[in-house]
Amino acid sequence: MSVRASLNPRAAARGRVAMEGSLGDRILRGLCIAAGLLAGGTLLAVAYQVISGARLSISTFGLPFLVHSAWAPNLGHFGAAVMLYGTAVSSAIALLISTPVAIAIAIYLSMLAPRAVRIVVGPLVEMLAAIPSVILGLWGIIVLAPFMQRHVEPALHGVLGFIPIFGPAQTTGLGVFTAGVILTVMVVPIIASLSRDLFLSVPRELTDAAESVGATRWEVIRGVVLPTTVSGVSAAIMLGLGRALGEAIAVASVIGAGNVVHVSTFETGNSLAARIALDFAYIVSNLHTASLFYLALILLVFGLLTNLIARQIASRYDVHRTFA
Amino acid sequence: MSSSGGDAIRPRVRIQDGSASRPVPAAQRNDNGGTRRAAVFDIRDMSVHYGENRALDWTTLRIDRNLVTAVIGPSGCGKSTFIRSLNRMNDSIPGFRIGGQVLYHGHDLYARQTNRVEVRRRIGMVFQKPNPFPKSIYDNVAWAPRNLGMKSGLDERVERALRHAAIWDEVKDRLRASALSLSGGQQQRLCIARSIAVEPDVLLLDEPASALDPVATAAIEDLMHNLKHRYTIVIVTHNMQQAARVADRTAFFSLDERDRTGTLVEYGDTDTIFTNPADPRTRDYVTGRFG
């Protein structure tokens, strides 16, 4: 081998390049593996810390913790029901409003809008996601909550008041519904920008085919674009849900820190993330700490689950895998 | 312009011998002369620009009913631009502009009041790469009729389209299977079935066999002989033998030497184009002396 290499300068050069390449490759490989392990390790470490931190609360309350609504640190009463309810309802409201809005924005930006509008509005939608959540929370307290209390909530109560979730408006406008609206603002850019990219990635041949048999623009969207991207859009919605479930500051600002489960969404409530963020400053006992970790564990499980489901959906029917 | 235009062609009636073999053009001919065919497309001084680039120069020709008209020429000569302008598929390309007139049965395709969707319903198109929808075989064919509200007798309509596209026997037992499970040649025939399911007047085929193997290509060519009794067919092909085999008339496009713009060089009976072309450029191309 060395003889052949020395006889042929070109081969020798090639050999050297290959050697250097392999050394560089090995370093790069090592760095990437280390980075990958670090990410996985962090996740495991956090999960372990959360579980061990929650151990005292888990052994004291067990699973009934999930359905008890009392949260009185001074009396040693802890239950997650109010927070679970607040998280679930505010996230559900956020998804119900943001999904159709975000998909409409994505359709408009990817297929209907003139180029000039796309160039301006597209980045604006993404920038909506860049607003720090504490600023959204502040805006929620000062602007959104009074507006909801004065205009939106009375109107909804007037029209849909026969449904218990639309009860009479309360004094401040702080509540689960307002939290859901704030979350909508945070979730829309995620779903909209992901969906827009998905719609743009629909192969041109497919939309051409649909147009060549006399389909209208709407028929192309409904019959070809949406069906071929449904899994990706569902995954985007799940990622939006993950964002809504975990948001602490903005929700804490407007949800009103209530301690009771109300059927009406205009009443105050609390969410898992908001409770954890606010309570850590006022720890009164070890059991209190452990109960906050218990809430954190629930939140972690939800977060991981939505992420796993999103991946599962996205990989199940991938347009680009079946139609390369 | 060296183009003689459609009017210079002596009209004739083809008598079909009905055999499935693909005869050479000379043997295919059975001219009677006499009756004049109805024009489907009357294209007058059509020119196409993409932004600043002129893709197609003044093109004037007539495409007649129930004939197969082939469009041949070297790469980049505007063949695809030409055929895609016949059902307004170029409209969505940024910077696309068209000059002159494209009359379809006397109606200006690019007039303000012309409905693009309606144009495409009457003038179907099959593309170079087979592009079935990621739906079942049945739904691929049934999708467009459903959109158009042709819901009664849908099963029969689907079967008829698949039969006319000569693919029924291969798929009749698995209509619910995904169209993507078919071979390339089958997919392309499915795309033809999808186009004819809405009973268009014209079928535009943009290099329909270029992505297919010889057996699948032969199947598509056979199909064209049968389809032209019902439809007017315009086919773009880079394969001269294919044009000679399937087309009644042939238009030869070339790239103008000076300004790199596609131009119609010659248009006439396929026989004439291949055996006795008027323009030296056509002769060079069909005899293979063109690069």
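Scroll up to find the structure this text is about.
Reference entry: report on the structure contained in this document. (Residues numbered from 1 in each chain as written. Chains lettered and ligands numbered in written order. Predicted model: local features only at pLDDT ≥ 70, side-chain atom pairs only at ≥ 80, totals over all residues. Heavy atoms only, no water.)

1. Here we look at the overall build of chain B
Check the secondary structure of chain B and you find 11 helices and 10 strands. Out of the 291 residues belonging to chain B, those deemed buried represent 55%. Total accessible area computed for chain B in this model is approximately 12,300 Å², and 47% of it derives from carbon and sulfur atoms. (Helix = DSSP H or I, 4+ residues; strand = E, 2+ residues; numbered from the N terminus. Buried < 20%, exposed > 50% of the residue type's maximum accessible area, 1.4 Å probe, protein only. Areas by Shrake-Rupley, 256 points an atom, 1.4 Å probe, with all protein chains shown as cover.)

2. Remarks on the packing of helix α3 (residues 81-112) of chain A against helix α6 (residues 176-200) of chain A
Residue and element names in this part refer to chain A. Orientation of α3 relative to α6, taken along the N-to-C sense of each, is 35 degrees, at an axis distance of 6 Å. Crossing of α3 against α6: the hand is right-handed. Of the residues in the contact of α3 with α6, the class split is 23 nonpolar, nine polar and one charged. (Axes fitted to C-alpha atoms, helices over the stretch in contact; angles between N-to-C directions. Left-handed = near helix turned anticlockwise from the far one by under 90°. Nonpolar A, V, L, I, M, F, W, Y, C, P; charged D, E, K, R; others polar.)

3. A closer look at the interface of chain B and chain A
At the interface, 24 residues of chain B touch 22 residues of chain A. A buried area of about 1,900 Å², summed over both sides, lies between chain B and chain A, and 60% of it is on carbon and sulfur atoms. Taken together, the links from chain B to chain A amount to three salt bridges. The salt bridge partner of Lys-129 of chain B is Glu-205 of chain A, with a shortest N-O separation of 3.1 Å. Between the two partners, chain B and chain A, sit six residue pairs in polar contact (both at pLDDT 80 or more). Of the residues in the side of chain B that touches chain A, the class split is 13 nonpolar, five polar and six charged. (Contact = heavy atoms within 4.5 Å. Buried area = accessible area lost by both parts, 1.4 Å probe. Salt bridge = Lys/Arg side-chain N within 4 Å of Asp/Glu carboxyl O. Polar contact = N/O pair within 3.5 Å; in protein donor to acceptor, adjacent residues only side chain to side chain.)

4. Remarks on the packing of aromatic side chains
One pass over the full model with this rule turns up 14 aromatic pairs over all chains. With centroids separated by 5.8 Å and ring planes inclined at 35 degrees, the aromatic side chains of Phe-61 of chain A and Phe-65 of chain A adopt a geometry described as tilted. The class for Phe-65 of chain A is buried, based on a relative accessible area of 0%. Plain terms: the ring middles of Phe-177 of chain A and Phe-266 of chain A are 5.2 Å apart, the flat faces sit at 90 degrees to each other, and that makes the pair edge-to-face. With Phe-177 of chain A in helix α6 and Phe-266 of chain A in the loop between α9 (249-254) and α10 (272-279), this pair connects stretches of sequence that are 89 residues apart. By way of ring pairs, the aromatic residues Phe-61, Phe-65, Trp-71, Phe-78 and Tyr-294 of chain A are connected into one cluster. We note Arg-176 of chain B situated over the ring of Tyr-138 of chain B; from NZ or CZ to the ring centre the distance is 4.5 Å. Lying across the ring of Phe-133 of chain B, Arg-194 of chain B places its NZ or CZ 4.5 Å from the centre. (Phe/Tyr/Trp six-rings, centres within 6.5 Å; stacked < 30°, edge-to-face > 60°. Lys NZ or Arg CZ within 6 Å of the ring centre and 35° of its normal.)

5. A closer look at α3 of chain A
With 32 residues, α3 of chain A should reach 46 Å at 1.5 Å per residue; the first-to-last C-alpha distance of 45 Å fits that figure. At Ser-98 of chain A, α3 of chain A is deflected by roughly 30 degrees, the largest bend along its length, and proline Pro-100 of chain A occurs up to four residues later in sequence. (Expected span 1.5 Å × (residues − 1). Bend = angle between axes of the 7 residues up to and from the residue.)

6. What to know about a nonpolar patch on the surface
On the surface, Leu-138, Trp-139, Ile-141, Ile-142 and Val-143 of chain A cluster together to form a nonpolar patch covering roughly 460 Å² of accessible area. Of note, Leu-138 of chain A is situated in helix α5 (residues 133-160). (Patch = residues over 30% accessible without salt bridge, like charges linked within 9 Å, V, L, I, M, F, W, Y side chains within 5 Å.)

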